[in-house]
Each structure stands twice: as structure tokens, then as C-alpha cells.
Amino acid sequence: MTKPLTAHDPSPPRWAEYVLRLVLKPRDRDTISGDLLEEYREVALPTLGPLRANVWYVKQTGSLMNSSRLSLPSSVWLTLAVVVLAAVLFLLVRSDFRPPVPLAVFASVAAVLGMSGLTVMRSTADVGTLWRASRVFGVLCSAVFMLRMLVDTVAPRDVVEAFLAQSRGTYSEFNDPRRWLLGAALAMIFVVSGFWGAWRTGDVRHGTVAAMATSVIGSVLTLAIVALGMALSLMIGAGVAAAFAFQGGGIPMAPPILVMISAVLGTIGAMFGRGLGGTRREKASTT
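How each quantity is defined
- Residues numbered from 1 in each chain as written.
- Predicted model: local features only at pLDDT ≥ 70, side-chain atom pairs only at ≥ 80, totals over all residues.
- Heavy atoms only, no water.
- Helix = DSSP H or I, 4+ residues; strand = E, 2+ residues; numbered from the N terminus.
- Buried < 20%, exposed > 50% of the residue type's maximum accessible area, 1.4 Å probe, protein only.
- Contact = heavy atoms within 4.5 Å.
- Areas by Shrake-Rupley, 256 points an atom, 1.4 Å probe, with all protein chains shown as cover.
- Salt bridge = Lys/Arg side-chain N within 4 Å of Asp/Glu carboxyl O.
- Expected span 1.5 Å × (residues − 1).
- Bend = angle between axes of the 7 residues up to and from the residue.
- Phe/Tyr/Trp six-rings, centres within 6.5 Å; stacked < 30°, edge-to-face > 60°.
- Core = buried A, V, L, I, M, F, W, Y, C linked by side-chain atoms within 4.5 Å.
- pLDDT = per-residue confidence, 0-100.
- Polar contact = N/O pair within 3.5 Å; in protein donor to acceptor, adjacent residues only side chain to side chain.

Once that is clear, we can look at the overall build of the chain. Scanning the chain from terminus to terminus reveals 11 helices and 0 strands. Here the chain holds 287 residues, and the buried ones make up 37% of them. Taking the intrachain contacts of the chain between residues at least 6 apart in sequence as the baseline, contacts between residues at least 24 apart amount to 80%. For the chain, the accessible area works out to roughly 16,000 Å², and carbon and sulfur atoms hold 70% of it.

Here you go:
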């Protein structure tokens, strides 16, 4: 006989439960959330432990948040996308386009979005589909990095002066066009790749993971090109390739940070893609 659940029994993260109930259709809320909570307490928690059980619950929540379960219409997705984008831009402007929130907070948000997005990857066929959807954006991402390093090689800047400028209280990212133009270009690529992933599938998670794959492909491709340049410089005894590899400092942004940024920006683009794609499908179904 199954033991009745009580309010004193262990519970998964409250925010995850809230998000799940918020996006489920009213007729599914009690049934689905109750079944998931029971499985969490009776199966996941005893076998995985509290921490891994919480991660399991978040992943299950993401897997349930698919287009067939969501009660949110396309107009709500578009509204959410506009609100989130406006909030991000406000925080960036307020911080002079420096990190607007602590790294721990940003990493936590990116991790939740990333884990939710990865729940769509269930087979090797899904990996192939993701590769086809992200490879062009990944090449564009790498091209932006290579262009930045080329500019730094042709017109090197004073590293000491740049460091002192950033330490001043009046410093803004707009004082350094090389930095903010790079960031703007990458942000646009991540948003568009997320938009395209959700537009094609009708699932926000596809957009999130497509943007993450874009950042990984771009980073790996850039590292490969830099490594090839260094190898050529050693083979031919010339310093040009090595200078090209090192003048820009390698990849101007650490790949793990890039993946986190892509998860957040890709999700914003995916919400736009889900909203506009859903509107297109709704119009098509009525004609």
C-alpha cells in the first residue's frame, strides 16, 4: 500500500514546481505535477540523493514543457520574449554593458535553461538534426572571432592602456568598439539561431540547444584554425601565423562563458521563434 504524501515529505525545488504548474494546461496540472512529485519522492530521491534528485526533477520538468502540453498561446510567448529582452537590455545599459548580475546567478539561470534544452536530445538522429540547424551559425560565430583577431593583428592595441581604461570609474564598453561590436555580433547570432530552432520545430527547447550548439561549433572551429596557424608558423619558421594566433589572445571569450551566454540569448530568440512560428501555424490551420 502506497504511503500518503504529506506536506512534510521531501520536495523538489519550489521554483521548478511553480514553473511546471504555470505552463501546463489547467486540466493537466494536478495529474502531471502530482505524478512527477510522487516519482521524485519514491524513486529519484532514494536512489539518487537530494542533489541529483533535484537535477532529475528539473530535467523532467523541461522534458514535459513541450508544445503539446503548454497552455501558453503564441501571443504570450511573444509578450514574454519582449519583456525578457527589454529587461536584459535595461540591465546591460544600467551596468554600462558590463556583467549586469553576479556570475553565480547568471550561471544558475544558464544551467537551468541548458538542462531544459538538452531534454530534446533523445537519439543520434536528434544530434544530426541539431548539427544541420546550427552549423551555419557556428561558422558565422567563428568568422566573428577570426575577424576580431585579424583586426587585433593588423592594428594591435596597447594592452596596458586598455586595462587602465577598464579600471576607471567612467569606463563603458562603448569606449572600446572592438569589444562591444564583437559582443553585439555574437549576441545577434545566438538570438537568430535560437529563433530559427524554435521556428522550425515549435519548441523553445530546440532553440535553446541550437544556440548552445552554435557557440560550441564556433569555439571548436576557431580553436582548430588557431592551432593550425600555430602549426604552420612552426613548420615554415614564420612568425605571422603565430602573431595572428596570439595577438587576439586566442578566442576572445572563454568557451564555457560563451555557452552560458548562448543559452540565455538563444532562449530569448527561441521565445520569439515559438511565438511567431505558432502564429504562422495558427493562421495556416484556419485557412
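So, about the pattern of salt bridges. Under the definition given, this model contains 1 salt bridge. For R205, the salt bridge is made with D203, and the minimal N-O distance between the two is 2.8 Å. The same class applies to R205 as to D203, namely buried.

Moving on to helix α2 (residues 26–48). With 23 residues, α2 should cover 33 Å at 1.5 Å per step; its first-to-last C-alpha distance of 30 Å lies within 8% of that length. At Y40, α2 is deflected by roughly 40 degrees, the largest bend along its length. Residues of α2 that are buried include every one of D28, I32, S33, L36, L37, Y40, R41, A44 and L45, and no others. Just downstream of α2, G49 is the residue with a positive phi angle, here 90 degrees.

In this section: the packing of aromatic side chains. In total, this model carries 2 aromatic pairs according to the counting rule given. Summarising the aromatic geometry, the rings of Y40 and Y57 are spaced 5.8 Å apart at their centres and angled 80 degrees between planes, so their arrangement reads as edge-to-face. Of this pair, Y40 sits in helix α2 while Y57 sits in helix α3 (residues 50–64), placing them 17 residues apart in sequence. Here the two residues Y40 and Y57 agree in accessibility, since each one is buried.

Attention shifts here to the nonpolar core. Grouped together as the largest cluster of nonpolar side chains are 17 residues, with contacts concentrated most on C141, F145, L186, F190, L258 and M271. Of all elements in the fold, only α4 (74–94), α6 (124–154), α8 (177–201) and α11 (255–286) reach the threshold of two or more residues within this core. Residues contacting M271, with those up to four places away along its chain left out, are W77, L80, A81, V84 and V204. In this structure, A16, I32, L36 and W56 belong to the second largest nonpolar core, which totals 13 residues.

What follows covers the confidence of the model for the chain. Confidence along the chain averages 78 in pLDDT terms, with 76% of residues attaining 70 or more. Model confidence for the chain, summarised as mean pLDDT per element, is weakest for helix α10 (residues 240–247) at 47 and strongest for α8 at 88. Ignoring residues within four places in sequence, the model shows residues 1–7, a span with pLDDT below 50, making 7 contacts including any to other chains.

With respect to the helices and strands, A263 occurs in helix α11. Here A263 falls in the buried class, since its relative accessible area comes to 1%. Remark: the alpha-carbon pair of A263 and R205, spanning 58 residues in sequence, is separated by 9.9 Å. If we skip the residues at most four places from it in the chain, A263 touches A110, L113, T208 and M212.

With respect to the helices, strands and loops of the structure, G275 is situated in helix α11. Taking relative accessible area as the criterion, G275 reaches 0% and is therefore assigned buried. The spacing of G275 and S75 is 200 residues in sequence and 6.2 Å in space, taken between C-alpha atoms. With near-sequence residues (within four places) excluded, G275 lies in contact with S74, W77 and L78.

On to the side chain of D203, then. Checked against the element boundaries, D203 lands in the loop between α8 and α9 (204–236). The buried category is assigned to D203, whose relative accessible area is 8%. Looking at D203, its side chain comes within polar contact range of the side chain of R205, at 2.8 Å.

This part is about the environment of I189. If you trace the backbone, I189 turns up in helix α8. Counting along the chain gives 80 residues from I189 to G269, while the straight-line C-alpha distance between them is 9.7 Å. Residues within four places of I189 in sequence aside, it is in contact with F137, L140, C141, V144 and T214.

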